[in-house]
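Close look at the chain arrangement
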Amino acid sequence: MSRNTKIILYLLMFNAFITMGGLGIIIPVMPSYLHIFNAGGQVYGLLIATFSFAQLIMSPVVGDLSDRFGRKNFIVMGLVIYGISLILFGVANALWLLFVSRLLSGVGAAFVMPTILAYVADITTVEERGKGMSLVGAAISFGFTVGPGIGGGLSGINLEFPFYFAGAMAIAAAIFSWIYIPNVERNTNIQVIRPRENLVKQLITSVKVPYFVFLIVVFTFSFGIANYQATMSLYLNDKFQYTPFLISIIFTVGGFAGVILQLFIMNRLFNRFGEVKIILFNLVMAAVTLFLLIYVNHFFIILLVASLNTVAATFIRPAVNTVISKSAGAEQGFAAGMNNAYMSLGNMVGPICAGFLYDWKMESPYIFGALILLSCFVLTYFWSMKKTIHPVLETKGVHE
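Note that this is a predicted model, so its numbers are computed, not measured. (Residues numbered from 1 in each chain as written. Predicted model: local features only at pLDDT ≥ 70, side-chain atom pairs only at ≥ 80, totals over all residues. Heavy atoms only, no water.)

Quick look at the overall build of the chain now. A tally of helices and strands in the chain yields 15 helices and zero strands. Evaluated residue by residue, the chain yields a buried proportion of 54% over its 400 residues. Excluding contacts between residues fewer than 6 apart, the proportion of contacts in the chain whose partners are at least 24 apart in sequence is 85%. About 17100 Å² of surface is accessible on the chain, with carbon and sulfur atoms providing 69% of the total. (Helix = DSSP H or I, 4+ residues; strand = E, 2+ residues; numbered from the N terminus. Buried < 20%, exposed > 50% of the residue type's maximum accessible area, 1.4 Å probe, protein only. Contact = heavy atoms within 4.5 Å. Areas by Shrake-Rupley, 256 points an atom, 1.4 Å probe, with all protein chains shown as cover.)

As structure tokens, then:
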């Protein structure tokens, strides 16, 4: 990987970190902030769904357009929209403005994230793709991991300050990107441009692409992560009466472990075992640890099991991103857009399903999530035995 490629990749990692860190920063502040508007859990859930809905609608559109018009402008524009939306959330004096803010945040994130994945594909060779996706995945995980701690600390100034800080950082990232990130030509000999289609048609089209099974994996693990995150705090509080500090430790340790492993050993694992085997192993790991959470009852054992679950999800994401990117050929933007759309769909459905299941029976979200992950393992395993992936994948690391 050349020096210039590494510099661009680091800038893309910074943008991914800022975007995902902005989400993490507001998590600990949101419950108290919503009290100002006399709003509770129902509004909180709808705000989360609004963000994911905007991502779902916009990601395929942005991915398609970035294939046509280049990546840089969409990244810069997305960061500006994202920054403005966070500042708007901080200055909002009415509930409807909060929903407008979250809608804009989802649009901004949809402009940034799939375009970053497509950009990584543009500047890396097939052999370098796994490492590039791993580094971006590490930046995403790191943003999620440190964001809540930063938000909790900044809220000591006042409840609005974390939103202002996150918004200013996003706009600063946009300025740096405009100055330092170059426009690059897409590295492809296949001059195929997919006709513009609406979201429904693109989702239908995605069923026919060679990497469709991995889009299902994206939806499944996003569903499982959202399921886990939506109910874990409630579960630990209701069952063990854990304080917010203890709960934050459980979430943070797993996040840091995932980041470290992504940075230092994931590319070696890709080269040795291949992305498909990494996906299969970690689907089982995620399912088993999700199921074990029902039965463990000591803090350090819960910490261990929850961390293993987080690490498994952390490994699945860049492995799936790499496989999808390698099979996308000339349509990196479309593939990245659909990747983000399926992730957003999982992030929408997961919390809604988990909430209903949790109210019915406390342990049921984890049982259901484990069964879904195991079903996905079976589907992926048999697909990998029978399906011939795009010829570009026939390298060690993907074609098993």
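The next subject is the side chain of S177. Inspection of the secondary structure puts S177 in helix α7 (residues 161–180). With near-sequence residues (within four places) excluded, S177 lies in contact with N15, K72, I75, V76 and L79.

Our focus in this paragraph is the nonpolar core. Y211, F214 and L236 are the most contacted members of the largest nonpolar core, which has 55 residues in total. Element by element, the count of residues in this core is highest for helix α13 (residues 299–327), at 14 residues. Apart from residues no more than four positions distant in its own chain, L236 is found in contact with Q241, Y242, I247, I250 and I302. Of all hydrophobic cores here, the second largest spans 49 residues; its members include I8, A16, L86 and L117. (Core = buried A, V, L, I, M, F, W, Y, C linked by side-chain atoms within 4.5 Å.)

Moving on to the pattern of salt bridges. Counted by the stated rule, this structure contains two salt bridges. For D122, the salt bridge is made with R71, and the minimal N-O distance between the two is 2.7 Å. Placement of the pair is D122 in helix α5 (residues 95–123) and R71 in the loop between α3 (41–69) and α4 (72–91), with a sequence separation of 51 residues. You'll find D122 and R71 in the same group, each marked buried. As a salt-bridge pair, E275 and K326 come within 3.3 Å of each other at their nearest N and O atoms. Here K326 lies in helix α13 and E275 lies in helix α12 (residues 275–292), a separation of 51 residues in the sequence. Accessibility assignment for this pair places E275 and K326 in one class, buried. (Salt bridge = Lys/Arg side-chain N within 4 Å of Asp/Glu carboxyl O.)

When you line up the elements, T220 lands in helix α9 (residues 212–240). Exposure remark for T220: the relative accessible area of 5% places this residue in the buried category.

For the rest of this paragraph, the subject is the packing of aromatic side chains. Summed over the entire model, instances satisfying the criterion amount to ten aromatic pairs. Look at F299 and F300: their rings are 5.3 Å apart centre to centre, the planes differ by 80 degrees, and that puts the pair in the edge-to-face class. A relative accessible area of 65% means that F300 is categorised as exposed. Site record: aromatic cluster; members linked through ring pairs are F219, F223 and F368. Above the plane of the ring of W178 lies K72, whose end atom (NZ or CZ) is 4.9 Å from the centre. (Phe/Tyr/Trp six-rings, centres within 6.5 Å; stacked < 30°, edge-to-face > 60°. Lys NZ or Arg CZ within 6 Å of the ring centre and 35° of its normal.)

Moving on, we come to the environment of Y211. With respect to the helices, strands and loops of the structure, Y211 is situated in the loop between α8 (199–206) and α9. Residue classification places Y211 among the buried residues on the basis of a relative accessible area of 3%. In this structure the C-alpha to C-alpha distance between Y211 and A335, which are 124 residues apart in sequence, comes to 8.9 Å. Not counting residues within four places of it along the chain, the set of residues in contact with Y211 comprises I324, S327, A328, F334 and A335.

Here the focus is α13. For an α-helix the count is 3.6 residues per turn, leaving residues at separations of three or four pointing the same way. With 29 residues, α13 ought to run about 42 Å at 1.5 Å a step, and its terminal C-alpha atoms sit 43 Å apart, in line with that. For α13, the buried fraction is high: 25 of the 29 residues fall into the buried class. (Expected span 1.5 Å × (residues − 1).)

Turning to the packing of α12 against α13, a few remarks are in order. Following both chains from N to C, one finds α12 and α13 inclined at 150 degrees, their axes separated by 8 Å at the closest point. The angle between the axes of α12 and α13 places the two elements in the roughly antiparallel class. Relative to α13, α12 is oriented so that their crossing is left-handed. Residues E275, I278, I279, N282, L283, M285, A286, T289, L290 and L292 of α12 form the contact with α13, whose own contacting residues are V305, L308, N309, A312, F315, I316, A319, V320, T322, V323 and K326. Of the residues in the contact of α12 with α13, the class split is 15 nonpolar, four polar and two charged. (Axes fitted to C-alpha atoms, helices over the stretch in contact; angles between N-to-C directions. Parallel < 35°, antiparallel > 145°, perpendicular 65-115°, else oblique. Left-handed = near helix turned anticlockwise from the far one by under 90°. Nonpolar A, V, L, I, M, F, W, Y, C, P; charged D, E, K, R; others polar.)

One can find V200 in helix α8. Considered as a pair, V200 and I57 are 143 residues apart in the sequence and their alpha carbons are 9.4 Å apart.

Below, the discussion takes up the packing of α4 against α7. α7 packs onto α4 with a crossing angle of 165 degrees between their chain directions and a minimal axis gap of 7 Å. Classed by the angle they form, the pair α4 and α7 counts as roughly antiparallel. Relative to α7, α4 is oriented so that their crossing is left-handed. Across the contact of α4 with α7, the residue classes break down as 19 nonpolar, five polar and one charged.

Reading fine detail from the predicted coordinates is not recommended where pLDDT is low. Per-residue confidence for the chain averages 80 on the pLDDT scale, and 86% of its residues sit at or above 70. The secondary structure element of the chain with the lowest average pLDDT is helix α2 (residues 30–35), at 70, and the one with the highest is α4, at 93. Note on residues 188–194: pLDDT is under 50 here. Beyond four places in sequence and across chains, it has 13 contacts. Note on residues 388–400: pLDDT under 50 across the span, and 31 contacts to partners over four residues away in sequence or across chains. (pLDDT = per-residue confidence, 0-100.)

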